[in-house]
Amino acid sequence: MSNPTAMTADWARWMFHAGWQTAVVAGVAFLLLRLTGRRFSSHWRYAVLLVVLLKFAAPPFLTMPVGLFSQSTTSRILFEPEVVRIVPLDVEDSPAAFSTVNSVSATVSETTTAAEPGQTVSRAPDESTGNDVTSTTSHWMLLFAAVYLSGLLLATGRIIRQFVMLQRIVNASSISGRGALSDEVAALARTLGMRSAPRVLITHDTDAPFATGVFRPVVVVPDCVIDGLQQDQLRTVIAHELVHIRRRDLMIGWLEVVLSAIWWFHPAMWWLRQSLRQAREECCDDVLVARNITAPERYCETLIVAASRQLSDVPEPVAMGFSSGEHPAARRIRRLMDTTRLRSDRLRKPALAVVVLMALILLPGMQPEKGPVTKTNLEGIFGWRNLPFQIDAEEEATVTELARIAQEIQSTRNNVRVFDEADTRERLEEISKERPEFFYAQQLLGTWHSRNGDPDEAARLLNAALKNAPVVLTQRFVFGDGNPAAGIEIPYISIECNRVQNRSLDPSLKLTFAGLVTDDNGEIHLPVYNTVYRLASYSSPTDYRVTASDTLGWFESKSHVGVLPEMMVWKPYSRPRDFTRTAAQTKLLKDATGSTTGQLDSGGNHYSLGSVARGQADGKFTIEDGSGKTLPASVRPLPEITNGPFMDHAVIDLASPKPETFLVGSVQVLDSQTKLPLGQFQSGAGVQQVDSRRFHAFSLWNPLPDTVDLVLGVYNYANNNFRADLLAHAGAEVRLDGVTITIPHLIAGYHNGWSSKAGFIGEPQEVTTTSEVQLVFVGKSQARFSVWVVLKDGQRWDLKGGGWFSTLVNSNGGGGTRIDAPLEEIDHFELRPYVTPDSIYFESIRLPIRHEPLDENVPVVHFPVNRVAREYVSDVLSPMQMHFRSEFGQAYSGIGGGQHGVSLMEKDKKQREPDDYATIVWTLNATVDFNVDAGFVVVAADTDPRDIGRRSSFSAQGGAKTVGVDIRKVPLQSVEEVQLRLSPK
């Protein structure tokens, strides 16, 4: 939420720009009216004044290509070559410290080391411009805001008082019962071209005739005027009021009233109100004379009589009177008797064209230099709303080529980044010659020069890119303590520049920026088109993580420099303690149902926290209730701990609800202060779901945090909801809730495709690590189910997030569903009614104190291969079981992690070379991050296990598994064992 000082500063900036722009427009209008004088009609004068009135209403930052103020926008120079100093970097040895596009101003001094969280590399602030100046400025802003609001309240109160007084007169008036007067009003309305005649009211409460009412106008005539004026004079008075109504003066008058309250302090508004009042009356006078409703001499006599009888004033512009003590009748009389003046009943087309042109030039404001971007929506009433931004096909092709060049920064050729090759510079220079002022080409060419040791040329090009770009998006990164994160690399950002024409959305235009490095203020700058944006793709800073924040979705910039929301960075696994976040500030928790008391309700179930146990070095547990109160024992038996000296354990139990009424689809444990998941907060930490009511957190090298949050994705079911198990084999069948569910197909591996005519396409792939199932639902039309696969180790996941629908027509299932688990690991399938998951969390769970420090020397994990292909399970890291498998040859060429598991890409058996290579696969039934070094021990005892053969290794995480593969050029029949040495990241 914005603080009052920031809101006041935004308001002051808005009012300042609007104030001086309206003053300029009012000055132009004043000079124009003085120069034109009697040579132009009163309608011209009124139209020019309306332009000034609309300028008071127009936002000061509304820009148009033809606008006078829009053209005065200038861009700020963001890069200063005279202060640039590039530190030479070895691109191959230090890929995380590339000297790239924004490193021109992110100079690293010789005495500055890499910034760590909590450290700053920004320049020290000038002592003469410290917090005292900022504080004083804030106090003055708040004082000015208080004075302004006071004036606004007084002006609003005056308007309300005048309106109430006027309504009392109207409400106390009676409808005219004089038939001749009503007929006269109707005849005048027809003469003036009005569709209908307004009501005429007679009053005793005032001596001034007037018209009022925007949507249901009325003419109020005092009875003293009716009795004191001759018939033709009364006709002139009523006609004058009808002209006000026909010209919509009452509607414009209310706009004037509102704006005069907002701008009560502005001298130009004081002049404008007086000038509008005079111009309105002159327009009505000219209409009556031009249409021969009255003669100028007789009109003057009527004005003199009406002015002599009127003692009270009409509260213009809420109401429109005939004569006013504030505007002496003498001025109007002199004007009416001046035969040299041009009179007209309307604004002629040439004058109208001039006024419209004047409005197009003067009404648009000036784009502010810098301001935050704002969320927006491209959806209109009848589809996508159109956008003015379009580019031709030639420019689009150029952007596409430049985006491809930018992406080459992620590719290498002969150990050199493709983007850094001379051919890239030559192509960028060619494009820059073809389009000399094209900001995107200048930005990429500047990037090339900054990465290749020419800071002066880089600064020149980058400055030109920011100057020529319609908009520059700025993103600031800070550490947890608020200091700027200077000198960190952002591998790539891709900005989607949306186009909408004929209500058809085209999001294909993307500007890709790569190898960005934050400057001294922790900022990067992205030159883009002026349109509606969306973040197409984004990479976290190298060696850093970014705290989760709300996505902007579609957003736009109202200023030349659009400021994106600030992002906080931190080093992963660093146990950061320099920032604190609340649940509301955390994307993971802000929309979830939470509790700090250990009790909450969700989906008809009541969830309550049970016991919280902490393992000690001797294998025993300390048991509490999550708030520090000791409990005598756990309701459920606790696991046996054999690795307590070097591994920290915490077991969290739920006391309710009943297991049959819910399922847990996901579980995370967060550090309660930073709201970071354990696996990101510290290396070697994680959590395992034992069952729906027990969760086992653990950590190597560092103890668990003192206070944690338990976050669960739960599926809530009613007590009478069905549940059925389906055996894991082809031909299995179950009947449930009027629907028959069968498995016609269940195999090891998966197929690459499916044809409705030919069935499965190709041979099964990855048969040792994946499986494939086909399900058929027949019965009740459109019944909806969830199908869970349950593995033998207790893991389970929902096969299809959107659920499965039954059908009255027998179907072959429409292809198979891939399962990222070997066929032999599948225990059964479970069917339940489809429900959407709910996110719940228990916040600030206090863990019992661990009495002894952790031994940081984690034992080596041994896998006895014994020179054969075999499988083995190690419980050294329990509750994480480590499964090992040894195979002859190069069994796999790659690995992939999915939402539910990990799959291995198998090599063709003919290419495995079993006599020369050995493959070791290790699988951890948990997602946890640490470094693994696999040492091979061969038959020759004097050989260093870390120096055996050429190594190829890869790993991935998916579901609740971490899988690693290590391939060595050494025959398996020579390997006695494999030793895994674990170390923190």
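The rules behind the values
Every chain is numbered independently, its residues counted from 1 as its sequence is written. For a predicted model such as this one, the threshold for reporting local features is a pLDDT of at least 70, and the threshold for listing and counting side-chain atom pairs is 80 or more; totals across whole chains, interfaces and linings nevertheless cover every residue. Side-chain metrics rest on all non-hydrogen atoms present in the structure, leaving aside hydrogens and water. Runs of H or I in DSSP of at least four residues are treated as helices and runs of E of at least two as strands, each being numbered from the N terminus. What counts as a salt bridge is simple: a side-chain nitrogen of Lys or Arg found within 4 Å of a carboxyl oxygen of Asp or Glu. Residue exposure (1.4 Å probe, protein chains only): buried if accessible area is under 20% of the type maximum, exposed if over 50%, otherwise partly exposed. Helices are assigned an expected span. That span is 1.5 Å times one less than the residue count. Fitted lines through C-alpha atoms serve as axes, helices being fitted only where they are in contact, and the angles separating the N-to-C directions of these axes extend from 0 to 180 degrees. For classification purposes, an angle smaller than 35 degrees is called roughly parallel, one larger than 145 roughly antiparallel, one from 65 to 115 roughly perpendicular, and anything else oblique. The sense of a crossing depends on the near helix, which, turned anticlockwise from the far helix by less than a right angle, makes the crossing left-handed and, turned clockwise, makes it right-handed. The contact rule is simple, with two residues in contact once any of their heavy atoms fall within 4.5 Å. By definition, pLDDT measures how confident the predictor is in each residue, and it falls between 0 and 100. Note on pairing: two strands pair once DSSP finds at least 2 bridges between them.

K.L.:
Any details on unusual backbone geometry? Residues and values, ideally.
P.N.:
Backbone torsion omega between S656 and P657 reads 15°, so that peptide bond is classified as cis. In this fold, P657 is placed in the loop between β26 (647-656) and β27 (662-671). Note that the residue after S878, namely P879, is joined by a cis bond; omega there is 20°. The topology assignment puts P879 in the loop between β44 (871-874) and β45 (882-888). At N415, a position not held by glycine, the phi torsion is positive, near 65°. Checked against the element boundaries, N415 lands in the loop between β10 (412-413) and β11 (416-417).

K.L.:
How would you summarise the pattern of salt bridges if you had to cite specific residues and measurements?
P.N.:
It is possible for side chains bearing opposite charge to pair when their charged atoms get close. Per the counting criterion, the structure on display carries 35 salt bridges. Across the pair R460 and E457 runs a salt bridge whose closest N-O atoms are separated by 2.6 Å. Of the two residues, R460 and E457 are both situated in helix α15 (residues 455-468); the distance of three residues between them amounts to about one turn of the helix. Residues E843 and K675 are paired through a salt bridge, measuring 2.7 Å at the closest nitrogen-oxygen approach. You can see E843 sitting in strand β42 (residues 838-846) and its partner K675 sitting in the loop between β27 and α17 (678-681), a full 168 residues away along the chain. Residue E843 is classed as buried on the basis of its relative accessible area, which comes to 17%. Taken together, the shared-partner salt bridges in this structure form one network comprising R723, R796, E830 and R832.

K.L.:
Talk me through helix α6 (residues 231-246); I want residue IDs and the actual numbers.
P.N.:
For α6, spanning 16 residues, the distance from its first C-alpha to its last is 22 Å, which sits close to the expected 22 Å at 1.5 Å a residue. Counting buried positions over the 16 residues of α6 gives 12, a clear majority of the element. For α6, the complete set of buried residues consists of Q233, L234, T236, V237, I238, A239, H240, E241, L242, V243, H244 and I245. Among the residues trailing α6, R248 stands out with phi positive, at a value near 60°.

K.L.:
Would you mind going over the packing of helix α12 (residues 393-407) against helix α14 (residues 439-451) in detail, with residue names and values included?
P.N.:
Their axes nearest at 10 Å, the elements α12 and α14 cross at an angle of 20°. By the angle between their directions, the pair α12 and α14 is classed as roughly parallel. Crossing handedness for the pair α12 and α14: left-handed. Packed against α12, whose contacting residues are V399, L402, A403 and A406, the element α14 presents Y440, A441 and L444 at the interface.

K.L.:
I'd like a rundown of the confidence of the model for the protein, residues and numbers included.
P.N.:
Chain-level pLDDT for the protein is 83 on average; 86% of the residues reach the 70-or-more range. Contacts from residues 74-134, a stretch scored under 50 in pLDDT, to residues over four places away or in other chains number 119 contacts.

K.L.:
Tell me about the pairing of strand β46 (residues 892-897), and please be specific about residues and values.
P.N.:
The pairing of β46 with strand β47 (residues 902-906) spans five bridges and is antiparallel. Residue pairing for β47: G897 is matched across the bridge by V902.

K.L.:
Could you give an account of the sheet that holds strand β52 (residues 975-983), naming the residues involved and the relevant values?
P.N.:
The strand order across the open sheet built from three strands is β43-β52-β49, with neighbouring strands paired in antiparallel fashion. With one partner strand each, in any of the chains shown, β43 (861-864) and β49 (931-938) form the two edges of the open sheet. Neighbour to neighbour, the strand axes of the sheet diverge by 20° on average, direction disregarded. Sheet topology places β43 next to β52; four bridges connect them, and they run antiparallel. Note on β52: the bridge partner recorded for V861 is L980.

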